[in-house]
Every structure is written in C-alpha cells, then in structure tokens.
Amino acid sequence: MAPAPLVLQQPHLMPDVQTIQLPNGRIITGYAIAPTKAPEPVAERPAINPLAVNVALGGIGFAAACGGLMLLTTFIAAVAALIQQLIILAAVIFGGFIAVQVLGSNRGHGRTGTVVNIRRAVIKRNHFHG
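Residues numbered from 1 in each chain as written. Predicted model: local features only at pLDDT ≥ 70, side-chain atom pairs only at ≥ 80, totals over all residues. Heavy atoms only, no water.

Draft legend 1. Region of interest: the overall build of the protein chain. Along its length, the protein chain carries one helix and four strands. Across the 130 residues in the protein chain, those meeting the buried criterion constitute 1%. As displayed, the protein chain offers around 13,500 Å² of accessible surface, 66% of which is attributable to carbon and sulfur atoms. (Helix = DSSP H or I, 4+ residues; strand = E, 2+ residues; numbered from the N terminus. Buried < 20%, exposed > 50% of the residue type's maximum accessible area, 1.4 Å probe, protein only. Areas by Shrake-Rupley, 256 points an atom, 1.4 Å probe, with all protein chains shown as cover.)

If you want it as structure tokens, here you go:
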C-alpha cells in the first residue's frame, strides 16, 4: 500500500502586516488582530408569572409535608404498639412471678420460719402433760 501524497495547502486568508509608529519614534511591525465580535444579544424569555411559581412551589412543599406527616404518624403508631407489647410482656412476666410465689410447686421445701414439733400429748383432768 502506497502512502498518500502530501499536498501543501495555503491558508485562505493571510493576515495583513501592519506597521505602527509609537510616539517615542519606535516602529512596531506585526500582524493585525481581528477585533472580537460582541456576543449577539440573547432573546429575552417571556416573564413567568410569580403567582404561578408560588403555586408550583407550594404544591411541591405540600406534597413533601404530606409525605413527612404520613411517615411521622406511622412512626408514632409503631412506637405506641411497641410500648403496648412491652407493657403486656411485663404484666405476663410479673404475673408469672407472683403465681410461682403463691402457688409454688414445691410447697414447704426451702421455706424459712419457725419449726414446731407437735408430740403426742396427754390431757388428764384438764391439765396438759407434754
């Protein structure tokens, strides 16, 4: 494959060379710089009614507040249910503790108190002999 031939291209517009003489007598030669063009004015957009902006922002704010309030009420309901379950759990545990204390399955064992041994006594003529 043969390489493509090189073609030299001349610039279409060659800038003009200008010479300027300064007030002190020096001469400066150089290329002229094309002045920059001012940007074209941007077409003005029609003004938006401020009431329409306020209504739109109010709608967005209302939707955000409703969502937040819905989450808040859901959170409050969940906390109330948790507290209710904890109260029921405490009542069941406390009730079970009281029931074990009152109706303990091993009555008489391990209890402390005064031990009274009753012996066979003989009662003669209204007098107790122990």
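Draft legend 2. Expanded view of the pairing of strand β2 (residues 27-31). Buried residues are scarce in β2, accounting for zero of its five residues. Sheet topology note: the strand β1 (residues 17-21)/β2 ladder contains five bridges and is antiparallel. By the bridge assignment, Val17 is partnered in β2 with Tyr31. Where β1 folds back onto β2 in an antiparallel hairpin, the turn is made up of five residues, including Gly25, whose phi is positive at roughly 100°. (Pairing = 2+ DSSP bridges.)

Draft legend 3. Structural detail: helix α1 (residues 50-102). For α1, with 53 residues, the first-to-last C-alpha span of 77 Å sits near the 78 Å given by 1.5 Å per residue. For α1, the capping residue at the N-terminal end is Asn49, with a side-chain oxygen 3.1 Å from the backbone nitrogen of Leu51. (Expected span 1.5 Å × (residues − 1). Polar contact = N/O pair within 3.5 Å; in protein donor to acceptor, adjacent residues only side chain to side chain.)

Draft legend 4. Just a nonpolar patch on the surface, in detail. There is a patch of nonpolar side chains on the surface, built from Leu69, Leu72, Phe75, Ile76, Val79, Ile83 and Ile87 and spanning about 670 Å² of accessible area. Note on Ile87: relative accessible area 55%, which makes it exposed. (Patch = residues over 30% accessible without salt bridge, like charges linked within 9 Å, V, L, I, M, F, W, Y side chains within 5 Å. Salt bridge = Lys/Arg side-chain N within 4 Å of Asp/Glu carboxyl O.)

Draft legend 5. Broad picture of the confidence of the model for the protein chain. Chain-level pLDDT for the protein chain is 77 on average; 67% of the residues reach the 70-or-more range. Element-level pLDDT for the protein chain is lowest in strand β4 (residues 127-129), with a mean of 59, against a maximum mean of 89 in α1. (pLDDT = per-residue confidence, 0-100.)

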